[in-house]
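Descriptive analysis of the structure
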Amino acid sequence: MALHDTPAQHPVDASRLHHDARLFALVEDEFRFGKAQQTLHRAYLKHLGAVAVLPVDEQDRVLLIRQYRHPVRMHLWEVPAGLLDVDGEPMLETAQRELLEEADLRAETWHTLVDFYSSPGASSEAIRVYLAEGISEVPEAERHTRDGEEAEIVPTWVPLDEAVAAVLSGQIHNPSAVVGLLALHAVRTGGGQLRDARAPWKDQPRGIAP
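Throughout what follows, the structure given in this document is the object of discussion. Everything quoted here is computed from the prediction, not taken from an experiment.

Taken together, the three strands give an open sheet; going across it, the order is β1-β2-β3, and neighbouring strands pair in antiparallel fashion. Looking at strand neighbours, the two that pair on one side only are β1 (12-20) and β3 (38-47), the edges of this open sheet. The average angle at which neighbouring strand axes cross in this sheet is 20 degrees, direction not considered. Sheet topology places strand β2 (residues 24-33) next to β3; 10 bridges connect them, and they run antiparallel. The partner of Val27 across the bridge, within β3, is Tyr44.

Another point: the nonpolar core. Within the largest apolar cluster, 25 residues are counted, with the highest numbers of intra-cluster contacts made by Leu54, Val62, Leu64, Leu113, Ile172, Leu181 and Leu184. Going through the elements one at a time, β4 (50-55), β5 (61-69), β8 (105-117), β9 (126-137), α2 (160-168) and α3 (175-188) are the ones with two or more residues in this core. Ignoring anything within four residues of it in the chain, the contact list for Leu184 reads Leu54, Val56, Val62, Leu113, Leu131 and Leu160. One finds Leu84, Met91, Leu105 and Ile153 within the second-largest nonpolar core, a separate group that totals 19 residues.

Turning to the pattern of salt bridges, a few remarks are in order. If you walk through the whole model with that rule in mind, you get 11 salt bridges. One salt bridge connects Asp13 with Arg32, and the closest N-O pair in it is separated by 2.9 Å. Taken together, the residues Asp13 in strand β1 and Arg32 in strand β2 connect sequence positions 19 residues apart. Taking the relative accessible area as the measure of exposure, Asp13 reaches 41% and is therefore partly exposed. One salt bridge connects Arg69 with Glu78, and the closest N-O pair in it is separated by 2.8 Å.

Another aspect to go through is the packing of aromatic side chains. Enumeration according to the criterion identifies two aromatic pairs in this entry. Centroid distance Trp110 to Tyr130: 6.1 Å. Interplanar angle 80 degrees. Geometry classified as edge-to-face. Residue Trp110 is located in strand β8, and its partner Tyr130 is located in strand β9; the two are separated by 20 residues in the primary sequence. On the basis of relative accessible area, Tyr130 is assigned to the buried category, the value being 0%. When the ring of Tyr117 is compared with that of Trp201, the centres are 6.2 Å apart and the planes differ by 55 degrees; the resulting orientation is tilted. Here Trp201 lies in the segment after β11 (195-196) and Tyr117 lies in strand β8, a separation of 84 residues in the sequence.

Bringing the packing of α2 against α3 into the picture now. For the pair α2 and α3, the least separation of the axes is 10 Å and the interaxial angle reads 125 degrees. Viewed along their axes, α2 and α3 adopt a mutual orientation that is oblique. For α2 against α3, the interelement crossing comes out left-handed. The residues of α3 that touch α2, namely those facing Leu160, Ala163, Val164, Val167 and Leu168, are Val178, Leu181, Leu182, Leu184, His185 and Arg188. Its residues placed into classes, the contact of α2 with α3 shows nine nonpolar, one polar and one charged.

Before going further, it helps to spend a moment on the side chain of Glu125. Locating Glu125 in the fold gives a position in the loop between β8 and β9. Although Glu125 is buried, it forms no salt bridge, and the closest oppositely charged side chain is Arg69 at an N-O distance of 8.9 Å. Within the structure, the side chain of Glu125 is placed 2.6 Å from the side chain of Ser118, a separation counted as a polar contact. Residue contacts for Glu125: discarding those within four places in its chain leaves His47, Gly49, Ala50, Phe116, Tyr117 and Ser118.

This paragraph deals with unusual backbone geometry. For Gln37, which is not glycine, the phi dihedral falls at a positive 55 degrees. Structurally, Gln37 can be placed in the loop between β2 and β3. The exposure class assigned to Gln37 is partly exposed, which follows from its relative accessible area of 36%. With a phi close to 60 degrees, Asp60 is a non-glycine residue in the positive phi region. Exposure remark for Asp60: the relative accessible area of 31% places this residue in the partly exposed category.

Conventions used here
Residues numbered from 1 in each chain as written. Predicted model: local features only at pLDDT ≥ 70, side-chain atom pairs only at ≥ 80, totals over all residues. Heavy atoms only, no water. Pairing = 2+ DSSP bridges. Helix = DSSP H or I, 4+ residues; strand = E, 2+ residues; numbered from the N terminus. Axes fitted to C-alpha atoms, helices over the stretch in contact; angles between N-to-C directions. Core = buried A, V, L, I, M, F, W, Y, C linked by side-chain atoms within 4.5 Å. Buried < 20%, exposed > 50% of the residue type's maximum accessible area, 1.4 Å probe, protein only. Contact = heavy atoms within 4.5 Å. Salt bridge = Lys/Arg side-chain N within 4 Å of Asp/Glu carboxyl O. Phe/Tyr/Trp six-rings, centres within 6.5 Å; stacked < 30°, edge-to-face > 60°. Parallel < 35°, antiparallel > 145°, perpendicular 65-115°, else oblique. Left-handed = near helix turned anticlockwise from the far one by under 90°. Nonpolar A, V, L, I, M, F, W, Y, C, P; charged D, E, K, R; others polar. Lys, Arg positive; Asp, Glu negative; His and termini not counted. Polar contact = N/O pair within 3.5 Å; in protein donor to acceptor, adjacent residues only side chain to side chain.

Below, the structure is given as structure tokens:
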């Protein structure tokens, strides 16, 4: 059986903006659903979307960064990531920029690892996770000055097996890290294949080429 998520169009009769923030907008749609054309109301976060990067070095270690996340009041182990907040910037270029800014790294080889919606019942946020290999450090003079929560980012190289074990034991909770680490483990154990770095994402909500 072919497994493939498919787009759906249901008539939207009204859309109301409740709040517009820098990262997202809170909107509420009134739409008609199903054969009976039942009227439903759903509020959700209209999100810019994001990319994440799983860097892997020659020793098969992954780079994780420790960052404070205020909504959950936690320091989380994550992977470098960032919003698709530059108009017209392709996703791969955003990922390359975020790797430089958050981890002071560049990579020679890029692949698409996995795509996912972070919380499709409440948000339109769509995230692509890239695998980055052939890692090199950015010269100190070219490094990005981080501020806010990013100023205290702690990057750490961790053996892939150890990181996967931390996910499965409930020690790592960031969705991009969880999804990316398990996806790479699946690839390494024959459960799937890497895709081209610019593999199409036809239904990506932002509508910008990869």
